[in-house]
Amino acid sequence: KEDLTAGLKVVLREYELIDLKNVSAEDKPRMLAAIAKELTDLLNIGCFSVVEMPVDRTAINSRIVLKVKFKANGDYDKHKARLVAKGFMEKLGSDFFSSFSPMASLTTARSLLAIAVHLGLEVFHSDIPQAFIKSILDADIWLRLPPGVNFMDDKGKAHRIVKLVRSLYGLRQSPQLFNKELVRFMTSQGFKQANSDSCLFTKQTPKGFLIACSEVDDILVTGTDNEAVDKFRQALVTEYEITDWDPISSFLGININYDLIAGRMCFDVENKIEKLFKQHSVLLSALELQGKSRSKFDTPLLEAHGNIADDVKLTSDVDRYIQQHYASINGALIYMGITCRCDFTFALSKTSKGMHDPRPKHVAMLKQLLGYTLKNKDIGLVFEQKPELFSMLTEVSKTDAALSFITTSDGQCIHRFTGFADANFANLSDDERKSNTGFIIFLFGCAICWRSKLQPITATSTHEAELIACASASQEIIWCRKLLQDLGFALDLTPVKLSDPNRIRECLEDDGITVSDEQYQLDPLWLFNDNLGTTQTINRPESSSQRSKHIDLRYYCVRQYVRDMKIRVAYIGTDYNIADFFTKGLTYPKFSLFRKRIGLLSRR
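These notes cover the structure that comes with them. The shown structure was predicted, so the numbers you read here are calculated from the model rather than taken from an experiment. (Residues numbered from 1 in each chain as written. Predicted model: local features only at pLDDT ≥ 70, side-chain atom pairs only at ≥ 80, totals over all residues. Heavy atoms only, no water.)

**Quick look at the overall build of the protein chain**
Link 1 in the chain: Counting its secondary structure elements, the protein chain contains 18 helices and 26 strands.
Link 2 in the chain: With 604 residues in all, the protein chain has 52% of them scored as buried.
Link 3 in the chain: Long-range contacts, defined here as pairs at least 24 residues apart, represent 73% of the contacts in the protein chain between residues at least 6 apart.
Link 4 in the chain: Here the protein chain displays about 28300 Å² of accessible surface, and carbon together with sulfur accounts for 50% of that area. (Helix = DSSP H or I, 4+ residues; strand = E, 2+ residues; numbered from the N terminus. Buried < 20%, exposed > 50% of the residue type's maximum accessible area, 1.4 Å probe, protein only. Contact = heavy atoms within 4.5 Å. Areas by Shrake-Rupley, 256 points an atom, 1.4 Å probe, with all protein chains shown as cover.)

**Quick word on the packing of helix H8 (residues 326-339) against helix H10 (residues 360-375)**
Link 1 in the chain: Taken N-terminus to C-terminus, the directions of H8 and H10 make an angle of 45°; their axes are 11 Å apart at the nearest point. One element, H8, and the other, H10, form an angle in the oblique class. Pair H8 / H10 crosses with left-handed handedness. Residues Tyr 326, Ile 329, Asn 330 and Leu 333 of H8 lie in contact with H10, whose contacting residues are His 362, Val 363, Leu 366, Leu 369, Leu 370 and Thr 373.
Link 2 in the chain: For the contact of H8 with H10, the per-class residue count stands at seven nonpolar, three polar and no charged. (Axes fitted to C-alpha atoms, helices over the stretch in contact; angles between N-to-C directions. Parallel < 35°, antiparallel > 145°, perpendicular 65-115°, else oblique. Left-handed = near helix turned anticlockwise from the far one by under 90°. Nonpolar A, V, L, I, M, F, W, Y, C, P; charged D, E, K, R; others polar.)

**Brief notes about the packing of aromatic side chains**
Link 1 in the chain: The final tally for this structure, using the stated rule, is 18 aromatic pairs.
Link 2 in the chain: Between Phe 267 and Phe 383 the ring centres are 4.9 Å apart and the planes differ by 70°, which places this aromatic pair in the edge-to-face class. Highlighted residues: Phe 267 in strand E17 (residues 264-268) and Phe 383 in strand E18 (residues 379-384), separated in sequence by 116 residues.
Link 3 in the chain: Given the relative accessible area of 5%, Phe 267 is considered buried. (Phe/Tyr/Trp six-rings, centres within 6.5 Å; stacked < 30°, edge-to-face > 60°.)

**Some points on helix H11 (residues 388-399)**
In an α-helix, one turn spans 3.6 residues, which is why side chains three or four residues apart end up on the same side.
Link 1 in the chain: Its twelve residues place the ends of H11 17 Å apart at the C-alpha level, agreeing with the 16 Å of an ideal helix rising 1.5 Å per residue.
Link 2 in the chain: By the burial criterion, the buried members of H11 are Leu 389, Phe 390, Met 392, Leu 393, Val 396 and Ser 397. Each buried residue of H11 sits inside an arc of 160° when the element is viewed along its axis, so together they form one side. The exposed set on the far side of H11, more than 90 degrees from its buried face, consists of Lys 398 and Thr 399. (Expected span 1.5 Å × (residues − 1). Arc of directions from axis to C-beta.)

**What about the state of the cysteines?**
Link 1 in the chain: Tallying each qualifying case throughout the model produces zero disulfides.
Link 2 in the chain: Unpaired in terms of disulfides, Cys 342 finds its nearest cysteine sulfur in Cys 340, a separation of 8.1 Å. (Disulfide = S-S within 2.5 Å.)

**Side note on the pairing of strand E13 (residues 218-223)**
Link 1 in the chain: Where burial is concerned, most of E13 is hidden: six out of the six residues are buried.
Link 2 in the chain: Of the two faces of E13, the one holding Asp 218, Leu 220 and Thr 222 and the one holding Ile 219, Val 221 and Gly 223 are both buried throughout.
Link 3 in the chain: Bridging between strand E5 (residues 123-127) and E13 involves five bridges; their strand directions are antiparallel. Note that in E13 the partner of Asp 127 across the bridge is Asp 218.
Link 4 in the chain: Direction of pairing for strand E12 (residues 208-215) relative to E13: antiparallel, over a ladder of six bridges. (Pairing = 2+ DSSP bridges.)

**Thoughts on the pattern of salt bridges**
Opposite charge on two side chains permits pairing when their charged atoms draw close.
Link 1 in the chain: In this structure the tally under the stated criterion is 20 salt bridges.
Link 2 in the chain: The salt bridge partner of Asp 319 is Lys 367, with a shortest N-O separation of 3.4 Å. Of this pair, Asp 319 sits in helix H7 (residues 317-324) while Lys 367 is found in helix H10, placing the two residues 48 residues apart along the sequence.
Link 3 in the chain: Looking at Asp 319, the relative accessible area reads 15%, which means it is buried.
Link 4 in the chain: The exposure class of Lys 367 is buried, given its relative accessible area of 13%. (Salt bridge = Lys/Arg side-chain N within 4 Å of Asp/Glu carboxyl O.)

**Observations concerning the environment of Val 382**
Link 1 in the chain: Structurally, Val 382 can be placed in strand E18.
Link 2 in the chain: Given a relative accessible area of 5%, Val 382 falls into the buried group.
Link 3 in the chain: The sequence separation of Val 382 and Met 265 amounts to 117 residues, and the corresponding C-alpha distance is 5.6 Å.
Link 4 in the chain: Contacts of Val 382, omitting those with residues within four sequence positions, involve Arg 264, Met 265, Cys 266, Gly 599 and Leu 601.

**A look at the environment of Leu 370**
Link 1 in the chain: Checked against the element boundaries, Leu 370 lands in helix H10.
Link 2 in the chain: Note on Leu 370: relative accessible area 0%, which makes it buried.
Link 3 in the chain: C-alpha separation for the pair Leu 370 and Phe 344, spaced 26 residues apart in sequence, amounts to 9.9 Å.
Link 4 in the chain: Apart from the residues within four sequence positions on either side, Leu 370 is in contact with Leu 276, Phe 277, Leu 283, Leu 287, Ile 322, Ile 329 and Leu 333.

**Some words on the nonpolar core**
Link 1 in the chain: Within the largest apolar cluster, 120 residues are counted, with the highest numbers of intra-cluster contacts made by Met 265, Leu 333, Leu 370, Leu 381, Phe 420 and Ile 598.
Link 2 in the chain: The dominant element in this core, judged by the number of residues it contributes, is helix H14 (residues 462-486), at ten residues.
Link 3 in the chain: Residues within four places of Ile 598 in sequence aside, it is in contact with Cys 342, Leu 381, Ile 440, Phe 442, Ala 447, Ile 578, Phe 581 and Phe 582.
Link 4 in the chain: In terms of nonpolar packing, the next biggest core, distinct from the first, is built from 54 residues, Ile 128, Phe 201, Ala 228 and Phe 232 among them. (Core = buried A, V, L, I, M, F, W, Y, C linked by side-chain atoms within 4.5 Å.)

Right, dumping it as structure tokens:
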């Protein structure tokens, strides 16, 4: 094809660059260089073509986004400029047709890392530069360059409007187009797209396996076949010109310290915590002073704060400042709670209710959470080959004869996957007296998924509240089971081998037995809860009991999972049910104990 951008050069007029006006004089030279590099790279890649725009089309405006980037540990990275299209000007049906793009869930990413720690494998992180530019547009779009930017051809003619050949940041369809491009590339390299997560890719080789998951342009890779891993790296260099391929040290803003020899990986967001208090410096001195005078910030939530009346006036400057900046502060903490600080989770389920209308009780709860965050900023989520959870399960098996199977009957299978569910009945701080559901799921003793959520209905008994919690946890476990099936080769699962699978399937289905399409033999996954009545209701499908026949049928889905041998539900004492951590504000001794069992440890 004719090269319609040959001879084009970037011409910048500094005084016309609107986005450069708020940049300090010290940073301007670096930012100008970053702008020139961005636009020159786009020209070299072939992102634009000089084609006259039809009279019935409208060009989409653009701007240049400037940012100083830092690494997850806080060190300076680079000055970054990015040409971004104003995608809100696009029209559905002419400029784009679909915009949805999948992303690997954090549960998937944590599962990959848990497997790597368990097997003692290296984990590599790669960032595809200018990822969205790698995909070709499927619609005709013209772009108007921002003020101060021109493309000059060899005849001296300036061009302000160009046609887009490749996708550009800001376009609504850009994420989807890049995802399609990445799937094409991964398939061409022999990877198989997982059923459980479309952004998880697996590859089996004669010498081992490879596992990769993508978060848009961030890719995590691990595997037992070092030669295949290196070939995959070379393919990424050839196809996408990657420059980053290092042992994992950060991912999605999370600082990761992986000691391969010790078999220990620690996730922390200490840098983001420091950034939060630097941005809201008013809070720092006040919270430090209160933290020294009283040990009130040992836990992230005090249940008494939920009883503060709405007509109480905020008298202190700190309280008023929190109320004014409530959404910004709470939003930053939500990200930390989702990524690795699961000790924030239950407190955030309370504080998030005040995002749009923070009342005195919400301010008090968020202030307590901020104080706890500041006091415990060095805590991180730890993945180990011999985690604290294994010690707890061994202790449980010795103290409760009913749970002796944990270590005496294929204890390795129990240790591979463990789930805990719990609920607190009739939450007094909720007007409708709804209960809280909490659950946490472990893979090889490493926490890969957790949640704390208000139940959708008002439970009439502890039994009902616990049943709803188990139903919610079981749905997540069923998805995790699909994930484990996709990764069965990495978990030493035995492949399913049938001499005549079609005939056997027909015979079993004639007998009313459901036959799954699972590729590996996987024992039922264990879910523990601390209500014996709930356990009996799930395992004994009785529908005429006065205490359970009114419960909505959808909360009995866990019975079907038990019947199909996908889940087993067992009773565990409250003192060992870690999910209690996500349902109520615990006293410090129990909070500290559960925090340790989850794997939240101080890095110092």
